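Secondary and tertiary structure notes
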Amino acid sequence: QVQLVESGGGKVQAGDSLRLSCAASGRTFSSYAMGWFRQAPGKEREIVAATSRSGGSTHYADSVKGRFTISRDNAKNTVYLQMNSLKPEDTAVYYCASAFQYWRVISTTPTVDYWGQGTQVTVSS
């Protein structure tokens, strides 16, 4: 069992930055690929970014490329999402997720093993 706890969300202005963190329980964090997803009101949940077990491979949604950066610290059992140049359309609940296989996180139909509870990000214009 893995528990994921997100933090770092909040209310910001367009153009501001935020860094989300996701702390994982257990001693097998480095065995999991990790991803950040988001869900805006009335919309389906979508992938934002993902990283492989080692962090050597990363994946980004087109809408966030060049603005968001995913990283992980396996020694701290934590994955981060640095969000720069935030836009109102980035407003959503952001979820951390994990799966043993990287492809399951980045698939068009993700099949992750664990989800966090989510953290709200609100960007005003």
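The subject of this paragraph is the state of the cysteines. Counted under the stated rule, the structure contains one disulfide. A disulfide bridge connects Cys22 with Cys96, and the sulfur atoms are separated by 2.1 Å. Of note, the bridge from Cys22 to Cys96 carries an S-S torsion of about -80° and is left-handed in sense. Here Cys96 lies in strand β9 (residues 92–99) and Cys22 lies in strand β3 (residues 18–24), a separation of 74 residues in the sequence. A relative accessible area of 0% means that Cys22 is categorised as buried.

Right, let's get into the nonpolar core. By size, the foremost hydrophobic cluster in this structure holds 29 residues, and its most contacted members are Trp36, Leu81, Met83 and Tyr94. Of all the secondary-structure elements, those providing two or more residues to this core are β3, β4 (33–39), β5 (46–51), β7 (68–73), β8 (78–83), β9 and β11 (119–124). Excluding its chain neighbours within four sequence positions, the residues that come into contact with Met83 are Asp16, Ser17, Leu18, Leu20, Arg67, Phe68, Tyr94 and Val121. Of all hydrophobic cores here, the second largest spans eight residues; its members include Phe37, Ala97, Ala99 and Val112.

Under the criterion given, the structure shown has four aromatic pairs. Between Tyr32 and Tyr114, the aromatic rings sit 6.1 Å apart at their centres with planes inclined by 70°, giving edge-to-face as the arrangement. You can see Tyr32 sitting in the loop between β3 and β4 and its partner Tyr114 sitting in strand β10 (residues 114–115), a full 82 residues away along the chain. With 6.4 Å between their ring centres and 85° between their planes, Tyr95 and Trp115 make a pair best called edge-to-face. Taken together, the residues Tyr95 in strand β9 and Trp115 in strand β10 connect sequence positions 20 residues apart. Taken together, the ring pairs connect Tyr32, Phe100 and Tyr114 into an aromatic cluster. When the ring centre of Trp115 is taken as reference, the NZ or CZ atom of Arg45 above it lies at 3.8 Å.

Conventions adopted
- Residues numbered from 1 in each chain as written.
- Predicted model: local features only at pLDDT ≥ 70, side-chain atom pairs only at ≥ 80, totals over all residues.
- Heavy atoms only, no water.
- Disulfide = S-S within 2.5 Å.
- Helix = DSSP H or I, 4+ residues; strand = E, 2+ residues; numbered from the N terminus.
- Buried < 20%, exposed > 50% of the residue type's maximum accessible area, 1.4 Å probe, protein only.
- Core = buried A, V, L, I, M, F, W, Y, C linked by side-chain atoms within 4.5 Å.
- Contact = heavy atoms within 4.5 Å.
- Phe/Tyr/Trp six-rings, centres within 6.5 Å; stacked < 30°, edge-to-face > 60°.
- Lys NZ or Arg CZ within 6 Å of the ring centre and 35° of its normal.

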